[in-house]
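Each chain, letter by letter, is given below.
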Amino acid sequence: MKKQFNILVVGLGYVGLPLAIAFSKYFNVIGYDINKNRINSLKKKVNNNNEINFKKINKLKTLKFTSKFPINSCNIIIVTLPTPVNKFKKPNLNNLKKFNHSLSKNLNKNDIIIYESTVFPGCTEDVFVPQLEKYSKLKFNKDFFVGYSPERINPGDKKNTLENIPKIISASNNKTLKTINFIYSKIIKAGLVKVKTIKIAEAAKVIENTQRDVNIALINEISIIFNKLNIDTKSVLDAANTKWNFLPFKPGLVGGHCIGVDPYYLAYKSLKAGHRPDMIIAGRKINDKMAFYFAEQLKKLMMKKKINIKNSKILIMGFSFKENCPDFRNSKIPDLIKGIKKYCPRVDVYDPWVNKNQVNKEYK
């Protein structure tokens, strides 16, 4: 392909920053984030999430960072904005809708918008495309085109990195898919997985994490049952794991921006289609209550050991949603703290990975 591609990466978090850096080895890239402090830090080669070593990218002259929009010099726009749920556990698409509104007013003919954010099946074409058409006055699949390539970033994982994970790609037509294939093939060593429709790609993303969520919920419930039966759960799992087709899931807290969120996106769409996803909802309920369950089990254990509960000082080691990672989005540790404070007011937390000021700002 002889055409010059200039790429805009929107959102410079755990997903967007690695993408921007990887693409800048082959294309001119602008990384955009609404957070001015984030942009200023990146310009100074400081990355608060510790996922990128800037010493390796100091020589890149093809990567620029900005907090100013619009940016009219790019013809490929890759959107990596967060898609959380609201307090009612419904999809919160506000970040993407706000950006789409701004983008649509500055959309150029032949631009390609690729969404990497997690959404429910049908969202790209049923929600985002009409919004882009309405405000841009451009015609979808004639004047502008879209694609969907779900992110598979695993924060804190130094082995399964962006380049080493197979990547799903989809597009609104075959010509656009060829372009998306061309640019992503430059950076994904593990290979690309082309799927027939954008809906298939969207659905694949939400079931990846829904499957994990449901399986962990099953093991969490099993651990509750075995606890009541006075059976050591770990010993049972170790024994069962000697069978070739037993899946080695473990009980624990389920947090993070994906596993604890994506099932709600699928459940939302399922309900809209007239089906109540009982297993998915049940799995979410089990996993969401586990922090409080652990807090109650700690209390029972302290009583059994005849520990003075009210005068105890409890230290929780770790605040992020998983080990060796600064990401505390949707961490279940705040729930654990709430549960413990019902019977023991003196609780401290230690985690050298997370940003203390950010935690205090969000959780007070």
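As a starting point, this report considers the structure included with it.

Reading the values: the criteria
- Residues numbered from 1 in each chain as written.
- Predicted model: local features only at pLDDT ≥ 70, side-chain atom pairs only at ≥ 80, totals over all residues.
- Heavy atoms only, no water.
- Phe/Tyr/Trp six-rings, centres within 6.5 Å; stacked < 30°, edge-to-face > 60°.
- Helix = DSSP H or I, 4+ residues; strand = E, 2+ residues; numbered from the N terminus.
- Buried < 20%, exposed > 50% of the residue type's maximum accessible area, 1.4 Å probe, protein only.
- Lys NZ or Arg CZ within 6 Å of the ring centre and 35° of its normal.
- Pairing = 2+ DSSP bridges.
- Right-handed = clockwise from strand over helix to strand, strands pointing away.
- Salt bridge = Lys/Arg side-chain N within 4 Å of Asp/Glu carboxyl O.

### Thoughts on the packing of aromatic side chains
Where two aromatic rings form a pair, the distance of their centres and the angle of their planes describe that pair. Scanning the model with the defined rule gives 15 aromatic pairs in all. A centroid spacing of 5.4 Å and a plane angle of 65° characterise the contact between phenylalanine 69 and phenylalanine 99, whose relative ring orientation is edge-to-face. Pair noted here: phenylalanine 69 is in the loop between β3 (63-66) and β4 (76-79) and phenylalanine 99 is in helix α3 (residues 94-104), with a separation of 30 residues, a long-range link. For phenylalanine 69, a relative accessible area of 23% gives the class partly exposed. The exposure class of phenylalanine 99 is buried, given its relative accessible area of 6%. Grouped by ring-pair contacts, the aromatic residues Phe5, Phe23, Phe27, Phe182 and Tyr184 constitute a single cluster. Positioned above the aromatic ring of tryptophan 244, the side-chain terminus of lysine 243 is 5.3 Å from the ring centre.

### Remarks on the pairing of strand β10 (residues 347-350)
Here strand β9 (residues 314-317) runs beside β10; their pairing, made up of 4 bridges, is parallel. Of the residues in β10, the one forming a bridge with methionine 317 is tyrosine 350. Of the crossover connections in this fold, the one passing from β9 over helix α10 (residues 333-341) to the parallel β10 is right-handed.

### Examining the pattern of salt bridges
Counting across every chain of the model gives 10 salt bridges. Taking the shortest distance from any N to any O, the salt bridge between lysine 109 and aspartate 143 comes out at 3.9 Å. Here the residue lysine 109 occupies a position in the loop between α3 and β5 (111-115), and aspartate 143 occupies one in the loop between α4 (123-136) and β6 (144-148), the gap between them amounting to 34 residues. Take lysine 109: its relative accessible area is 57%, and that puts it in the exposed class. Arginine 329 is the partner of aspartate 327 in a salt bridge, and the nearest nitrogen-oxygen pair spans 2.8 Å. Classification of arginine 329 as partly exposed rests on a relative accessible area of 32%. One salt-bridge network, in which partners are shared between bridges, spans Asp213, Arg284, Asp288 and Lys332.

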